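An overview of the molecular structure
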Amino acid sequence: MNAVTLRRSVLLPVAALVVSAGVGAALLRWGGGAVPQAAPGLPDPGPTTAWLLPAGRLGMQIGAVATIGLLLAVVVLSPRDDGGRLSAVGYRRLRAAAAAAALWVVASAVALCYTLADLFGLPASQVLSMRAAINFATTIPLGQALALSGALALAAAVIAATSLRPGGALTALLLAGAGVVPPVFTGHAAAASNHQLAVSGLLLHVLPVTVWAGGLLALAVTARGATADLAVAVRRFSPLALACLAAVGASGLLAAAVRLTSPADVLGTRYGQLLLVKIAALAAIAAAGLWHRRRAMPALAAGRRQPFLRVAAVETLLFAAAIGTAVALSRTPAPISASEEDPATALLGFPMPPPLSVDTLATAWLPEPLVIAAVLAAAGLYLAGVWRLHRRGDTWPPARTAVWLAGCAVIVVATSSGLARYGPVLLSVHMVQHLLLMMIAPILLVLAGPITLALRALPPSTDPRWPGPREWLQSLLHSRVSRTVTHPVVALTLYVASLYVLYFTGLYELAVRSHAAHLAMIGHFLGVGYLFFWVVIGIDPAPRRIPHPLKLVLVLISMALHAFLGVALMQSTALVAGDWWTALGRPWGPTPIEDQRAAGGVAWSFGELPAVLILGALMRQWIQADHREARRLDRAADRAEAEGREDTELAAYNRMLAALAERDRQVRG
């Protein structure tokens, strides 16, 4: 390592840390988060907690950014060696990620301890003990979030420190990405009256910022090796950064709309003013990114890396200032509405809706930003693939495009329409959501053939050291994980067991009480539904080829078990999530037990209609497969006859028929 690279690798992270801490400290004091005014007679944790708690949270954010950025650089922005293993630069980035994750773990422990002191309002020396910290980390949601974040960071650190292959880096990256999520559900957003919008919007903000800032930092401090390799990495990172910018901008506007109760709060409160500071920092980052694309990237392509490194350093320091602002913002009280929340609003995050009707289902939408963003991305990528085929002169069935867009629309309706508002209020409405997400949408998405489209539209990589999305998709299709989950027994078990586990354990009540569990439920419904129908009626290539009779058996078993679930709900005298319905106190409509029976009726009746369509599609595919096989045999026989030789398959088939005829003749004789 030369002297310039060594200075950059050490000085830039240190400078970023100093800038982030300095900005955060200044804004904490200005916004009032560092010197809260304790009410007379109430306990005060003291100035040590007031400063070390945000310092711990700042360390968590910086550790998360560095860890995810370095791991992203290993997986996507680093070349491989000739055997597909990590290159030297990838290995260095992976070990640096392990060190960054270790910092994240330490910062999580500091944040957990001083959060406990802050909650008790006492100095840490009077509160902290091993038993108190363990109880806080295992029983209180805020402590559980910090502990889970630290545990996931620790797992990522261990894997990054011991792995030698890209698969290990990908696993560590997924764990680190998951580690960013838990604290989001315990901040200002979770306390907002409309916490669904606030939390989902914050997730849509935090994750892209972390990926964007982390990837840039990784490229800036580990830009060793050939300039051509750095140019490839930057070219790959540029569209990802652009997508992150769009997500951050949209989610920032949503956050402002949710947390600021009136336009006057923007300039009239410290929280609104800090939000403006953060917006200004992100705007400066966007301007630097534009400068990056217009000046630094062409210079890098021409073999000059210094312009890129200068722009990357400026952009990294701007990100550090934005992170410091975010920490100060998290400790600054948000404006509070003067209206009091009723019990239903406290539980649901929105007021109790009026009695159910067709009009309210059609008009009382409750947007789910995270799902809407994912659906728009999926629809956009699919249409981009179709357009690429069209420009190349290839064709793609319009029916498949229509089916894909219809599946995306079904997901939005199930998660953001009036169904989303009434789903936690009526189990019968939730059951309709369940069927749309687990049956209707997956069937439509599977029949659209997205994997086939991707394999046709994505160009193959021209350099084996730089595998692209097409190669990653092929590796995933042939991986051990894919072969395991597409086993018929595994796919059927995941699909059916999910139903019974959700409704006959406490998971359903957890899903309606916790927005994190609710989002996980949506993802699980879509995931297991897509997996099962990919195995049964999918037109995409799959790791396993399953005979059509077995597919028919799988469909029939799933139909029977789904119907049995509906019957069990209709006949059960025990309420599903009884404590939730009691606390909610819905003043209109059917009683909870009547609503549960209606939900069972929906599962038993409506759930069978898609299954009949599946059987029809499966029989059609079976007939088409037989016709294709017959045509293949005919062509093989014609080729054998033209070449004057015997077709072995046809001859074997004729011998089998002759043997059967001879056996029948002997039986009759």
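Rules used throughout
Residues numbered from 1 in each chain as written. Predicted model: local features only at pLDDT ≥ 70, side-chain atom pairs only at ≥ 80, totals over all residues. Heavy atoms only, no water. Salt bridge = Lys/Arg side-chain N within 4 Å of Asp/Glu carboxyl O. Buried < 20%, exposed > 50% of the residue type's maximum accessible area, 1.4 Å probe, protein only. Helix = DSSP H or I, 4+ residues; strand = E, 2+ residues; numbered from the N terminus. pLDDT = per-residue confidence, 0-100. Contact = heavy atoms within 4.5 Å. Phe/Tyr/Trp six-rings, centres within 6.5 Å; stacked < 30°, edge-to-face > 60°. Axes fitted to C-alpha atoms, helices over the stretch in contact; angles between N-to-C directions. Parallel < 35°, antiparallel > 145°, perpendicular 65-115°, else oblique. Left-handed = near helix turned anticlockwise from the far one by under 90°. Core = buried A, V, L, I, M, F, W, Y, C linked by side-chain atoms within 4.5 Å. Polar contact = N/O pair within 3.5 Å; in protein donor to acceptor, adjacent residues only side chain to side chain.

**Observations regarding the pattern of salt bridges**
- Using the criterion set out here, one finds two salt bridges in the structure.
- Between aspartate 394 and arginine 392 there is a salt bridge, and its shortest N-O distance comes to 2.9 Å.
- With a relative accessible area of 44%, arginine 392 lands in the partly exposed category.
- Between glutamate 509 and arginine 513 there is a salt bridge; the shortest N-O distance is 3.0 Å. Placement of both glutamate 509 and arginine 513 in helix H24 (residues 507-513) is noted, with a separation of four residues, approximately one turn of the helix.

**Points about the confidence of the model for the protein chain**
- Model confidence for the protein chain is summarised by a mean pLDDT of 79, while 78% of its residues fall at 70 or above.
- Of all secondary-structure elements in the protein chain, the lowest mean pLDDT belongs to helix H8 (residues 188-191), at 49, while helix H17 (residues 398-416) reaches the highest, 95.
- Below a pLDDT of 50 lies the segment residues 1-8, which in the model reaches nine contacts outside its immediate sequence neighbourhood of four places, other chains included.
- This model gives residues 34-41 a pLDDT under 50, and the stretch forms seven contacts once residues within four places in sequence are excluded.

**Details of the environment of alanine 603**
- Residue position: alanine 603 is located in helix H28 (residues 592-605).
- Of the residues examined, alanine 603 reaches a relative accessible area of 0% and is grouped as buried.
- Distance in space between the C-alpha atoms of alanine 603 and histidine 562 is 7.0 Å, their sequence separation being 41 residues.

**Some details on the packing of aromatic side chains**
- Taken as a whole, this structure holds nine aromatic pairs when the rule is applied.
- Between tyrosine 495 and phenylalanine 532 the ring centres are 4.5 Å apart and the planes differ by 5°, which places this aromatic pair in the stacked class. Within this pair, whereas tyrosine 495 is found in helix H23 (residues 488-503), its partner phenylalanine 532 is found in helix H25 (residues 515-537), the two being separated by 37 residues in sequence. Residue tyrosine 495 shares its accessibility class with phenylalanine 532, and that shared class is buried.
- Taken together, a centroid distance of 5.6 Å and an interplanar angle of 75° make the contact between tyrosine 495 and phenylalanine 533 edge-to-face. Here phenylalanine 533 lies in helix H25 and tyrosine 495 lies in helix H23, a separation of 38 residues in the sequence.
- Its relative accessible area of 2% is what places tyrosine 495 among the buried residues.
- Classification of phenylalanine 533 by relative accessible area gives buried; the value is 2%.
- Three or more aromatic residues joined by ring pairs make a cluster, and in this case those are Tyr382, Trp396 and Trp404.

**Side note on the packing of helix H19 (residues 427-447) against H23**
- Packing of H19 against H23 brings their axes to within 13 Å, and their N-to-C directions diverge by 160°. Comparing the axis directions of H19 and H23 gives the class roughly antiparallel. Two packed elements cross with a definite hand, and for H19 against H23 that hand is right-handed. Across the interface between the two elements, Leu427, His430, Met431, His434, Met438 and Met439 of H19 pack against Tyr495, Ser498, Leu499, Leu502 and Tyr503 of H23.

**What to know about the nonpolar core**
- Counting residues in each nonpolar core, the largest one holds 83 residues, and the members touching the most others are Ile411, Tyr508, Phe533 and Ile537.
- Tallying contributions element by element places H25 first for this core, with 13 residues.
- In terms of nonpolar packing, the next biggest core, distinct from the first, is built from 70 residues, Ala64, Val74, Leu112 and Leu173 among them.

**Notes on the side chain of serine 78**
- The residue serine 78 is located in the loop between helix H2 (47-75) and helix H3 (88-120) in this model.
- Relative accessible area serves as the criterion here: at 3%, serine 78 is assigned to the buried category.
- A polar contact is formed between the side chain of serine 78 and the backbone oxygen of alanine 73, at a distance of 2.6 Å.
- Contacts of serine 78, omitting those with residues within four sequence positions, involve Ala73, Val89, Gly90, Arg93, Arg465 and Trp466.

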